[in-house]
Amino acid sequence: MVARDKLNLLKDKFGPAILRADLPADDRLFVYIEPVVVRDVCRYMFGDMDARYIISIGADDRPFSGKFMVAHNFAFDPEKLLVSVLVHVPADNPKLDSISGVVPAANWAEREIRDMVGVEFEGHCYPKRLVLPDGWPDGVHPLRKDFAWNEVPKDFDDEREFKFDEPPAGCTVVPFGPFHPTLDEPAHFRLYVEGEMVRGCEYRGFMVHRGIEKLAESVLTYNDIPMMAERICGICGCVHNVAYAQAVESAAAIKPPPRAEYLRTVMLEIERLHSHLLWVGLACHIVGFDTLFMQSFRIREPIMWIAEKISGNRKTYGLCLIGGVRCDITPEMRTELRAVLDKLEAEWRPVVAAVLKDKNIQKRTRGIGVADKAACKRSGLIGPVARAAGVDIDCRRDHPYAVYDRVRFNVITDDGGDVWSRVVVRAKEVFEAIEIIRQCLDKMEPGPIQLDIKDELPIGRLGLSSVEAPRGESHHFVITGENNRPRRWRVRAPTYQNLQGVPAMIKDQQLADMTISLGSIDPCFSCTDRLETIDLKSGATKVWTQEELLKLVRAKKA
Amino acid sequence: MDFPEPIRLLAFLLGMMAFVAVNAAYLVWAERKGAGRFQRRPGPTEVGWAGLLQPVADGIKLISKQVIVPPGADPILFRVAPLLVMAPAMMTLAVIPFSETLVGRDINVGLVFVFAFGAINVMAIMMGGWASRNKYAIISAARVVSQDVAYEIPMLLVVITLLMVTGTMNLNEIVQQQAGWFWHWNLFRLDVNPLMPVTFIIFFICMLAETNRAPFDMAEAESELVAGAFTEYAGMGFGVFFMAEYANIVVGCSLATVLFLGGWQSPFGVGSGVIWFLLKMYALVFTVIWVRWTFPRTQFYSLLNLSWKILIPISMVTLVLTCILLKLT
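Residues numbered from 1 in each chain as written. Chains lettered and ligands numbered in written order. Predicted model: local features only at pLDDT ≥ 70, side-chain atom pairs only at ≥ 80, totals over all residues. Heavy atoms only, no water.

1. Description of the overall build of chain A
Then step 1. Within chain A, the regular secondary structure consists of 20 helices and 16 strands.
Then step 2. The C-alpha atoms of chain A give 23 Å as radius of gyration, which agrees with the globular expectation for 558 residues (24 Å, within 12%).
Then step 3. Along the three orthogonal principal directions, the C-alpha set of chain A runs to about 65 × 65 × 60 Å.
Then step 4. For chain A, the accessible area works out to roughly 21,100 Å², and carbon and sulfur atoms hold 53% of it.
Then step 5. Across chain A, the centroid of the 76 positively charged side chains sits 1 Å from that of the 81 negatively charged ones. (Helix = DSSP H or I, 4+ residues; strand = E, 2+ residues; numbered from the N terminus. Rg over C-alpha atoms; globule rule 2.2 N^0.38 Å. Areas by Shrake-Rupley, 256 points an atom, 1.4 Å probe, with all protein chains shown as cover. Lys, Arg positive; Asp, Glu negative; His and termini not counted. Charge placed at Lys NZ, Arg CZ, Asp CG, Glu CD.)

2. Considerations on the packing of aromatic side chains
Residue and element names in this part refer to chain A.
Then step 1. A full pass over the atoms with the stated rule returns 24 aromatic pairs over all chains.
Then step 2. Taking the centre distance of 5.5 Å and the plane angle of 85° together, the rings of tryptophan 108 and tyrosine 496 count as edge-to-face. Of this pair, tryptophan 108 sits in helix α4 (residues 107-116) while tyrosine 496 sits in helix α16 (residues 494-498), placing them 388 residues apart in sequence.
Then step 3. Plain terms: the ring middles of tyrosine 404 and phenylalanine 409 are 6.0 Å apart, the flat faces sit at 75° to each other, and that makes the pair edge-to-face.
Then step 4. For phenylalanine 409, a relative accessible area of 18% corresponds to the buried category.
Then step 5. An aromatic cluster is present here, built from Trp108, Phe189, Tyr203 and Tyr496 joined pairwise through their rings.
Then step 6. Above the plane of the ring of phenylalanine 297 lies arginine 300, whose end atom (NZ or CZ) is 5.3 Å from the centre.
Then step 7. For the cation-ring pair, lysine 377 lies above phenylalanine 46, with the distance from its terminal atom to the ring centre recorded as 4.1 Å. (Phe/Tyr/Trp six-rings, centres within 6.5 Å; stacked < 30°, edge-to-face > 60°. Buried < 20%, exposed > 50% of the residue type's maximum accessible area, 1.4 Å probe, protein only. Lys NZ or Arg CZ within 6 Å of the ring centre and 35° of its normal.)

3. Section: the nonpolar core
All names here are of chain A.
Then step 1. In terms of nonpolar packing, the biggest core is built from 95 residues, with Phe189 and Leu191 touching the most fellow members.
Then step 2. The residue makeup of this core includes at least three contributed by each of domain 1 (2-161) and domain 2 (212-519).
Then step 3. The next biggest cluster of nonpolar side chains, apart from the first, holds 94 residues, and it includes Phe289, Ile310, Val424 and Ala433. (Core = buried A, V, L, I, M, F, W, Y, C linked by side-chain atoms within 4.5 Å. Domains from an automatic or database assignment.)

4. Focus: helix α10 (residues 274-292) of chain B
Residues and elements named next belong to chain B.
Then step 1. Compared with the 27 Å implied by 1.5 Å per residue over 19 residues, the 27 Å span of α10 between its first and last C-alpha is a close match.
Then step 2. Every buried residue of α10 is listed here: Phe277, Lys280, Met281, Leu284, Val285, Val288, Ile289 and Val291.
Then step 3. Its buried side turned inward, α10 meets α1 (5-38), α7 (196-210) and α9 (235-260). (Expected span 1.5 Å × (residues − 1). Contact = heavy atoms within 4.5 Å.)

5. Description of the domain arrangement of chain A
Residues and elements named next belong to chain A.
Then step 1. Here the domain parsing of chain A yields domain 1 (2-161), domain 2 (212-519) and domain 3 (530-558).
Then step 2. Its C-alpha centre places domain 1 at a distance of 26 Å from the equivalent point of domain 2.
Then step 3. Contacts between the two partners involve 41 residues from domain 1, matched on the other side by 35 residues from domain 2.
Then step 4. Across the domain 1/domain 2 interface, buried area totals approximately 3,100 Å², and carbon plus sulfur atoms make up 60% of it.
Then step 5. When the buried area of domain 1 at its contact with domain 2 is split by residue, Trp108, Leu143 and Trp149 rank highest and sum to 19% of it. (Buried area = accessible area lost by both parts, 1.4 Å probe.)

6. Topic: the interface of chain A and chain B
Then step 1. On the chain B side, the residues contacting the 30 residues of chain A number 21 residues.
Then step 2. Between chain A and chain B lies a buried interface of about 2,300 Å² when both sides are counted; carbon and sulfur atoms form 55% of it.
Then step 3. Across the chain A-chain B interface, the total number found is zero salt bridges.
Then step 4. For the interface between chain A and chain B, the tally reads four residue pairs in polar contact (both at pLDDT 80 or more). (Salt bridge = Lys/Arg side-chain N within 4 Å of Asp/Glu carboxyl O. Polar contact = N/O pair within 3.5 Å; in protein donor to acceptor, adjacent residues only side chain to side chain.)

7. Considering the pattern of salt bridges
Residues and elements named next belong to chain A.
Then step 1. Applying the stated criterion across every chain, the model contains 46 salt bridges over all chains.
Then step 2. Here arginine 62 ties to aspartate 60 by a salt bridge, and the two come within 2.9 Å at their closest N and O atoms.
Then step 3. Classification of arginine 62 by relative accessible area gives partly exposed; the value is 25%.
Then step 4. The exposure class of aspartate 60 is buried, given its relative accessible area of 5%.
Then step 5. One salt bridge connects arginine 62 with aspartate 146, and the closest N-O pair in it is separated by 3.3 Å. Residue arginine 62 is found in helix α3 (residues 62-65), and its partner aspartate 146 is found in the loop between β7 (120-122) and β8 (172-176); the two are separated by 84 residues along the sequence.
Then step 6. Salt bridges sharing common partners tie together Glu269, Arg272, Arg387, Asp394, Arg396, Glu429 and Glu468.

8. Some words on the sheet that holds strand β15 (residues 488-492) of chain A
Residue and element names in this part refer to chain A.
Then step 1. Reading across from one edge, β13-β14-β15 is the order of the three strands in this open sheet, with antiparallel pairing throughout. The outermost strands of the open sheet, each flanked by one partner alone, are β13 (462-469) and β15. Taken pair by pair, the neighbouring strands of this sheet meet at an average axis angle of 10°, ignoring direction.
Then step 2. Both strand β14 (residues 472-479) and β15 contribute to a ladder of five bridges, which runs antiparallel. Among the inter-strand pairings, histidine 475 is bridged to a residue of β15, identified as arginine 492.
Then step 3. Against the sheet, helix α7 (residues 237-252) touches β13, β14 and β15, its axis set at about 150° to β13. (Pairing = 2+ DSSP bridges. Axes fitted to C-alpha atoms, helices over the stretch in contact; angles between N-to-C directions.)

9. A few points about empty space enclosed by the protein
Then step 1. The tally for this structure, following the rule as stated, stands at eight cavities of 30 Å³ or more.
Then step 2. Approximately 260 Å³ is the volume attributed to the largest cavity.
Then step 3. Taken together, 21 residues form the lining of the largest cavity, with Gly118, Glu210, Asn248, Val251 and Gly252 of chain B sitting closest to its centre.
Then step 4. Secondary-structure elements contributing two or more residues to the lining of the largest cavity are α3 (75-93), α4 (110-131), α5 (135-166), α7 and α9 of chain B.
Then step 5. A total of seven residues in the lining of the largest cavity trace back to one element, the largest contributor, which is α4 of chain B.
Then step 6. Within the lining of the largest cavity, the residues separate by chemical class into twelve nonpolar, six polar and three charged.
Then step 7. Each pocket or cavity is described by its volume, and for the second largest cavity that value is around 130 Å³.
Then step 8. Taken together, the elements giving at least two residues each to the lining of the second largest cavity come down to α8 (258-286), α10 (331-357), α11 (359-365) and α15 (419-443) of chain A. (1 Å grid on protein atoms, 1.4 Å probe; cavity = no way out; pocket = protein on both sides within 12 Å on 5 of 7 lines; lining within 4 Å. Points joined across faces, edges and corners; volume = space filled by probe spheres on them. Nonpolar A, V, L, I, M, F, W, Y, C, P; charged D, E, K, R; others polar.)

10. Topic: the sheet that holds strand β16 (residues 509-510) of chain A
Residue and element names in this part refer to chain A.
Then step 1. Reading across from one edge, β8-β9-β10-β16 is the order of the four strands in this open sheet, with antiparallel pairing throughout. If you trace the sheet from one side to the other, it starts and ends with β8 and β16, each paired once.
Then step 2. With seven bridges joining them, strand β9 (residues 188-194) and strand β10 (residues 197-204) adopt antiparallel strand pairing. Of the residues in β10, the one forming a bridge with glutamate 194 is methionine 197.

11. A word on the confidence of the model for chain B
All names here are of chain B.
Then step 1. In the predicted model, chain B carries a mean pLDDT of 82, and the fraction of residues at 70 or more is 98%.
Then step 2. Here helix α8 (residues 222-225) stands out as the least confident element of chain B, with mean pLDDT 66; α10 is the most confident, with 87.
Then step 3. Note on the complex model: pTM 0.82, ipTM 0.73. (pLDDT = per-residue confidence, 0-100.)

12. As for the side chain of arginine 204 of chain A
Residues and elements named next belong to chain A.
Then step 1. Relative to the helices and strands, arginine 204 resides in strand β10.
Then step 2. Among the polar contacts listed, one links the side chain of arginine 204 to the backbone oxygen of leucine 130, at a separation of 3.1 Å.
Then step 3. Side chain to side chain, arginine 204 and aspartate 134 meet in a polar contact 2.6 Å long.
Then step 4. Apart from the residues lying within four places of it in its own chain, the contact partners of arginine 204 are Arg129, Leu130, Val131, Leu132, Pro133, Asp134, Phe162, Phe164, Ala187 and His188.

If you want it as structure tokens, here you go:
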């Protein structure tokens, strides 16, 4: 009844401005409101009702309702409720009040909608291009339905330079990325440095957009998309795969068979295991401690082998279809997986004990990259970053999916809010993941792993799904559509929100602490960059132009 | 062996260069092999038996790379820096006594000579960083200078302490004073200074810092500064910096052996010779490698704090203590 209670609260407050509401289940709420009250509703929910901001979604709804659509998604974690506030924006004058003033975490999402769909947000605090490449012409919005998925705008200007802000007086700009030894993926930070102190930064990322969302709504079909979703990220792909499948299932009211849900849980936790071990290794590498880096990679390796044995791949398991999974765990694999888990636990325990006692690592990471509870709320920080600051959220418990409501586990929190706390949280979560897999293996009953879906999926339904990725909540929003494919599919990877907290973390810190602060959110830029075309810019000594590269790619294809 | 002086000098010069080159190449191999063992993996195994030809392969690769001088870099300083970082390491080895007779130039101010040339290393790295016209390189250069200023002081204080004990700056004489059983080594001369082992540890820490080795490798902290002062160097330019690092380790460990561990003296009073020198020196080199893979990198400011707030006061204390004890006896 939680959803109805929240709806009544909103109705009491805003009355006729609430146009209609949809309560498909007790843990989902869709509220359609008048555009004029969007800022007030969001302020009320974010402030008075203490909701957690998740993401904003823009969609071109003109072929269906003649309007653009913007959705602001919120979560009520203790009440296990996900809410979507939907607004229709007139097509001839696509303008909407910005909520970035009352919900600072919406900064990027609104800029992205402005880039991709072309809805202007009035009163936005920093209305600057976020996603589209430097040379992309103004006024062309790739996620509109009248823009073809394979189109390149005619006036794309290779030579156009991105205008960065002027650094504050007395500061020097030190570029960090796109290519840097501790960045595994491209992103560009312009650090404003005074001596060795970082005073601020500007971020320019989204360099590896692959147009995944556009492809999904124009070329692929429902069961192609899980494979594409998996390729959003090289480390936590299975998360996106499951989140997408669950979003569609929740929209179409499909319930996968229990064994499939157990298998999803097992694979998600296997992914968490290898991802956390990988992160501990990389964090050690960043602080210049390669010995532990090598150790954690050695300990991690058997997990990769068992994943390959189960799914056929070390990564990119290709696990989910709508209504089930594609691979099963045989009794032999079950025994082997148990042995791997026992070995991993036995090897990881002494490492954690040693790390938690190590003075050098503590000295290096305590008080560094601090994000407290207020910062988590403000920037919408999630996952281990939030839990390290004492914010007790975990989608596995708060918005249970798969079989997380049928297994026992602890949500690990710490109260430092610094890099050290994030190390502690991740190191301990490994043991919880091992426990979850063991319980699943115990409880798993034989049965079908895939539902037989005979009917077409209903059209125009909305689906939300939050999955706890190793890095935090991965949120998927789906509007089902015609031609066996969704009308709109929006992915919010955890790094998308966590990255927005980085500028506050690194401010007034030593330059040397920049890398570990950034590393401590476990950034995954490819996750964040899903949307559109590739930005290739090689600066002064340009060897390949974008055009030449594109020609090369096309020649190879032909 | 009575060769005319010029031929003897030439032979020594060539010998030194070969010694430095072989050491630099095979210490890299030893480091990689050692790191592998510390981390429970095999290290290089592909090129030659146990990867023994790996340094050769690396050398060929580096030599075959194009040397790129970035536009806007200072062309002269940029090219001179690698030479300046390598040359002093070879020069200083000329006064190190490998055995009683095996010494390039047995000069009376040997110790001063070593430190005078050793300081050039810092200047060369700074030149390289400055000339690269790269922000990472310049930050690194600034770090190198402040780090080395900070660590030169405790190191020299320690050396002065030692000088008061030996009363000579001739390295050969210093070794000869330590003849006999190992308790005659300066390291164990507790009668003149009960803190002598501490003095040695300070010397060793400072040596790590001066040679920019982990955990003090602020200059090339790759997670922050890419490759620091060497970012813009390609091919053998980088290779020379890399070799110089190991050459400097050899020099530093040789000096520590001579000053504290009795140089070529046998620990049992009989059978002294070059073998003991090499044994002691490589034991120290191994410790240097060991330290690198055991400790995480420190932050730059805590590094400076360590020197100014801990090492310098302690070395002052040992200095004063030695003064008093020498006066009393």
